[in-house]
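Fold and contact review
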Amino acid sequence: ASAAYTVRAVINGTELAGVAGGTTSDLTADGWNVTETADAPTSDFATTTVSYSDASQGAAALALVQSLGGGTAVLDPNVAAAGTIVVIVGLDLAG
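As the structure is a prediction and not an experimental result, all values here were calculated from the model.

This part covers the pattern of salt bridges. Here the structure, examined in full by the defined rule, presents one salt bridge. A salt bridge links E36 to R8; the shortest N-O distance between them is 3.5 Å. Of the two residues, E36 sits in the loop between β2 (33–34) and β3 (37–39) while R8 sits in strand β1 (residues 6–12), which places them 28 residues apart along the sequence. On the accessibility criterion, R8 (29% relative accessible area) is partly exposed.

This is the structure in structure tokens:
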């Protein structure tokens, strides 16, 4: 299921260095296609969110939560562009 979806971005929502890159490496090893890593505009995300743009991606978002080992899947087209999934890594998975 993972290969059908692209994770547009893994975003570091913490002050810890290397979180987005490390998470991306883990997801790539699990077969996910991650196209970008970045830092969030703020670094106070307590929990990890997996945002997706369309209800049809719900199962993939939940599978991504499983791959991450935590986080919450959220239907949020304001964060995830059409056809993409965006992961914002919070302190719960970064530490």
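Now, onward.
Our next topic: the side chain of Q57. Here Q57 lies in the loop between β4 (49–52) and α2 (58–68). Within the structure, Q57 has its side chain in polar contact with the side chain of S53 (distance 2.9 Å). A distance of 3.4 Å separates the side chain of Q57 from the backbone oxygen of T84, its partner in a polar contact.

Next up on the list: the environment of T72. Relative to the helices and strands, T72 is located in strand β5 (residues 72–75). On the basis of relative accessibility, which here comes to 44%, the residue T72 falls in the partly exposed class. Expressed as a C-alpha distance, the spacing of T72 and V89, which sit 17 residues apart in the sequence, is 10 Å.

Moving on, we come to helix α1 (residues 19–29). Here α1 has its buried residues at V19, A20, T23, T24 and L27. In a view along the axis of α1, the buried residues occupy a sector of 125°, so they form one face of it. With respect to the buried face of α1, the exposed residues turned more than 90 degrees away are D26 and A29. As for α1, its buried residues are in contact with β1, β2, β3, α2, β6 (84–89) and α3 (91–94). With its phi angle positive at about 100°, G31 sits one or two positions after the end of α1.

A word on the pairing of β6. Where burial is concerned, most of β6 is hidden: six out of the six residues are buried. Neither face of β6 is exposed, since T84, V86 and I88 on one face and I85, V87 and V89 on the opposite face are all buried.

With that out of the way, let us pick up the pairing of β1. Among the seven residues in β1, five count as buried, and that is most of the element. The pairing of β1 with β2 spans two bridges and is classified as parallel. In the strand pairing of β2, T6 is matched with N33. Where β1 lies against β6, six bridges are found, and the strand directions are parallel. When the bridges of β6 are listed, I11 appears paired with I88. In this sheet, β3 lies alongside β1 in parallel orientation, the contact comprising three bridges.

Conventions we followed
Residues numbered from 1 in each chain as written. Predicted model: local features only at pLDDT ≥ 70, side-chain atom pairs only at ≥ 80, totals over all residues. Heavy atoms only, no water. Salt bridge = Lys/Arg side-chain N within 4 Å of Asp/Glu carboxyl O. Helix = DSSP H or I, 4+ residues; strand = E, 2+ residues; numbered from the N terminus. Buried < 20%, exposed > 50% of the residue type's maximum accessible area, 1.4 Å probe, protein only. Polar contact = N/O pair within 3.5 Å; in protein donor to acceptor, adjacent residues only side chain to side chain. Arc of directions from axis to C-beta. Contact = heavy atoms within 4.5 Å. Pairing = 2+ DSSP bridges.

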